[in-house]
Amino acid sequence: MNIQYDKEHRIFQLDTGNSCYLIGIADEEGFLGHVYYGPKIADTDLAYLMRTEEHPFLPSGNDRERGSFLDSFPFEFPGNNVGDYRESAVEVKDCRGNSAVLFTYRSHKIFRGKPMPEGLPATFGDEENSMTLLIELADEVLGLKAELYYSVFADCDAIARSVRICNCSQEEIALEKIMSVSLDMDDDDYRMLVLHGSWARERQMEYRGIGHGKQSVGSVRGESSHQEHPFFALAANGATQEQGEVYGFHFIYSGNFLGQVEKSQYDSLRVSLGIHPANFSWILAPGGSFHAPEAVMVYSDRGLGGMTRTFHDLYRNHLIRSSYRMKKRPVLINNWEATYFDFDDEKLLSIAKEAAALGIELFVMDDGWFGRRNDDSSSLGDWTVNEEKIRGGLPHLVEEVNRLGMEFGIWFEPEMVSPDSDLYRQHPDWAIALPGRRPCRSRNQYVLDLSRPEAADHVYESVARILKSANITYLKWDMNRQLTDLGSAFLDGKHQGELMHRYVLALYRLQERLVREFPDLLLENCSGGGARFDPGMLYYSPQIWCSDDTDAVERLTIQEGTALLYPLSSIGAHVSACPNHTVGRVTPFASRGHVALAGTFGYELDVTALSGEEKAQIPEQIALYHQYQGLIQSGDYYRIASYRENHSFDCYEVAAKDGSEALVTYVQVLAEPNRRSRRIKIPGLDPKKRYRIEGQERSYSGSALAHAGILIANRPGDFRSELIHIIEADD
Ligand code: DGJ
């Protein structure tokens with residue numbers, strides 16, 4: 001890693017292990033332009049790539065064509081309403097109502113370490129393993145300053161970017177749009193890879209062609225959402241899992257976002273990623289500033305797999321802070337799919353007893369334990385234990401569970417309020433709503449206006465009080481509806497456009513308080529399944545519930561899309577009952593276990609209702625988890641085959657970083673008649689070492705495993721799975 005400035009050519013060079021990013025300063029006015037992003041190169045005198053020598057020339061030499069220049073220059077932070085008609089990175093409204101803004105270079109600093117944007121989740125680094133370039137730009141007419149932050153890391157090919165806007169004028173200025181990444185590249189024949197979805201169908205990989213005009217992903221739902229993910233990649237045409245160039249862009253934020261690729265009239269691409277400008281504005285008082293959330297850029301010349309492994313390393317080493325980051329997580333059992341709202345202490349303890357005897361380590365009580373909550377129509381906000389259901393109170397139940405040798409965890413949905421709740425009856429103005437309009441209910445609930453400090457404090461105190469009342473070591477923080485009716489009775493008219501972002505900042509403050517006050521708590525975020533599975537939440541919780549769809553086959557594609565970016569140790573995955581509650585499919589108990597191993601392993605079923613044969617498999621599955629969790633948590637992930645693509649089977653591998661072992665999971669989803677065995681190539685091991693497959697006699701070289709592969713027999717039966725454990729051989 002290194003960052004340097006070539007004074008002669010006015011070029012900044014950011015180097016990661018295998019990639020390089022060049023930024024140039026052009027003309028007397030100091031236009032900041034993008035020069036190069038790709039494999040490492042030695043030269044910095046590449047200013048010609050900004051095409052300033054070609055028509056239409058620089059404004060200093062040809063002011064007649066200033067407009068053509070501004071509309072074609074590869075801006076690193078493009079302004080608005082001054083000649084560049086492409087997507088802007090920043091938009092403002094000044095006190096006269098004007099919207100023009102254009103930033104040019106003023107100064108820069110290069111230093112070791114990495115500053116953190118205040119109040120926001122972001123990648124972290126120290127002086128040993130990270131370096132930062134800070135470029136200061138200014139718009140002198142408005143009196144605005146922009147600070148562009150670029151950080152590189154010693155151990156991954158990633159660049160973290162963020163932007164801070166400071167109002168140095170004497171007037172108020174409204175910030176109406178701010179993108180954290182803007183990058184102008186040539187169109188070298190890329191496809192756009194996105195993750196789309198829905199409830200129970202999160203993060204499905206989809207490729208789109210890039211035509212002229214704009215292609216985008218986004219959320220205006222107040223959370224990162226089931227529907228689209230704050231990520232996209234540009235994959236060179238023909239790029240595969242392990243070959244070809246891929247540029248990945250990921251936003252470390254849990255609210256509204258816009259990610260976009262715009263192909264211009266000159267076939268250049270402008271990539272943008274940041275807070276969605278819809279319903280957004282932020283008032284910058286004189287002296288005030290706004291720090292836009294961080295985004296991460298990853299370059300890979302080893303296909304999608306190279307990008308994936310960089311994201312995994314980056315998030316494991318520079319984003320997840322929890323003390324559980326590299327620790328074994330307890331095998332949990334959650335009662336949601338076992339009981340839904342219909343439970344009492346007796347039922348819970350019967351599940352816990354059976355689970356403890358089978359080796360399960362943590363019991364999680366899900367929705368339904370508080371207020372008068374017997375279905376989803378009431379009580380959110382009334383966080384007092386329902387002693388009709390939990391007789392003897394929570395401390396008693398927790399003690400009983402602890403007595404079984406299990407830890408105890410609890411579910412909360414702190415951001416919400418039911419219209420039928422004491423909290424709402426006392427504070428109807430704490431719900432997000434518009435004056436004169438009946439707010440839209442979703443799952444029968446409203447969203448609390450977290451921009452109101454007393455509402456946010458109440459939320460925090462409610463959670464903290466319960467956590468302090470008993471020996472609770474795990475918390476599932478859920479959020480089951482998206483935001484609508486954007487109105488805050490707390491904010492004045494001028495600041496209403498700040499509600500969505502203030503909401504996210506308040507959520508971050510709440511979780512920050514929580515992880516500081518309860519540093520040993522295992523926090524799992526969740527949002528109606530995986531609607532807030534994003535890097536922002538990962539900064540607070542080392543694991544996130546991936547999807548309410550626990551069917552082993554559906555999980556193959558959901559977990560493939562999730563593992564494209566996120567380490568397996570962060571992916572909440574449980575074995576559930578069959579027929580599956582979402583899709584009605586019946587799969588073997590063993591396959592459900594194998595698929596859940598590619599995540600934080602647990603159970604979500606009524607263990608007292610299982611057959612003896614199924615029950616007997618639980619200790620075996622837990623033993624597998626104990627055996628492999630270290631490898632799964634820290635290893636390199638390789639996608640070998642995708643059921644999403646071939647509609648027949650799925651295969652992925654985790655290889656130890658030191659090349660000592662690998663675990664391959666193979667799932668034959670559909671049995672096919674008269675099929676030969678299938679050849680699977682296993683990359684990621686040391687080509688010179690010899691390996692054995694557990695349970696077999698013969699050995700293979702790492703190069704044979706990678707290039708010649710092994711055969712997997714075709715056996716009758718749908719949804720069959722196997723684990724192939726490859727270990728270093730002594731010979
Ligand atoms: C949605 C979550 O994803 C489920 O796991 C469960 O906790 C329910 N909410 C409870 O309401």
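Residues numbered from 1 in each chain as written. Predicted model: local features only at pLDDT ≥ 70, side-chain atom pairs only at ≥ 80, totals over all residues. Heavy atoms only, no water.

### As for the environment of E172
Point 1. The residue E172 is located in the loop between β9 (158-167) and β10 (173-186) in this model.
Point 2. In this structure, the C-alpha to C-alpha distance between E172 and I283, residues 111 residues apart in sequence, is 6.8 Å.
Point 3. A polar side-chain atom of E172 sits 3.0 Å from a polar atom in the side chain of K494. (Helix = DSSP H or I, 4+ residues; strand = E, 2+ residues; numbered from the N terminus. Polar contact = N/O pair within 3.5 Å; in protein donor to acceptor, adjacent residues only side chain to side chain.)

### Thoughts on the site of the ligand
Point 1. Lining the immediate environment of the ligand, one finds 13 residues, of which D366, D367, K476, D478 and D548 sit closest.
Point 2. D366 is positioned with one of its side-chain polar atoms (N or O) 2.7 Å from an oxygen atom of the ligand.
Point 3. D367 is positioned with one of its side-chain polar atoms (N or O) 2.7 Å from an oxygen atom of the ligand.
Point 4. Look at the ligand: alone it shows 290 Å² of surface, and the protein chains cover 98% of it.
Point 5. For the shell around the ligand, the class distribution of residues is four nonpolar, three polar and six charged. (Near = heavy atom within 4 Å. Areas by Shrake-Rupley, 256 points an atom, 1.4 Å probe, with all protein chains shown as cover. Nonpolar A, V, L, I, M, F, W, Y, C, P; charged D, E, K, R; others polar.)

### Section: the sheet that holds β9
Backbone hydrogen bonds are what pair the strands of a sheet, in a parallel or an antiparallel way.
Point 1. The nine strands lie next to each other as β6-β7-β8-β9-β19-β15-β14-β11-β12, forming an open sheet whose pairing is antiparallel. Of all strands in the sheet, those bounded by a partner on one side alone are β6 (104-112) and β12 (204-209). Taking the axes of each pair of neighbouring strands and ignoring which way they run, one obtains an average angle of 20° across the sheet.
Point 2. Sheet topology note: the strand β11 (residues 190-196)/β12 ladder contains six bridges and is antiparallel. Paired with R191 across the strands is G209, a residue of β12.
Point 3. Strand contacts of helix α2 (residues 303-318): β8 (144-153), β9, β11, β12, β14 (228-236), β15 (246-251) and β19 (289-300), with the helix running at about 135° to β19, the strand carrying the most contacts. (Pairing = 2+ DSSP bridges. Axes fitted to C-alpha atoms, helices over the stretch in contact; angles between N-to-C directions. Contact = heavy atoms within 4.5 Å.)

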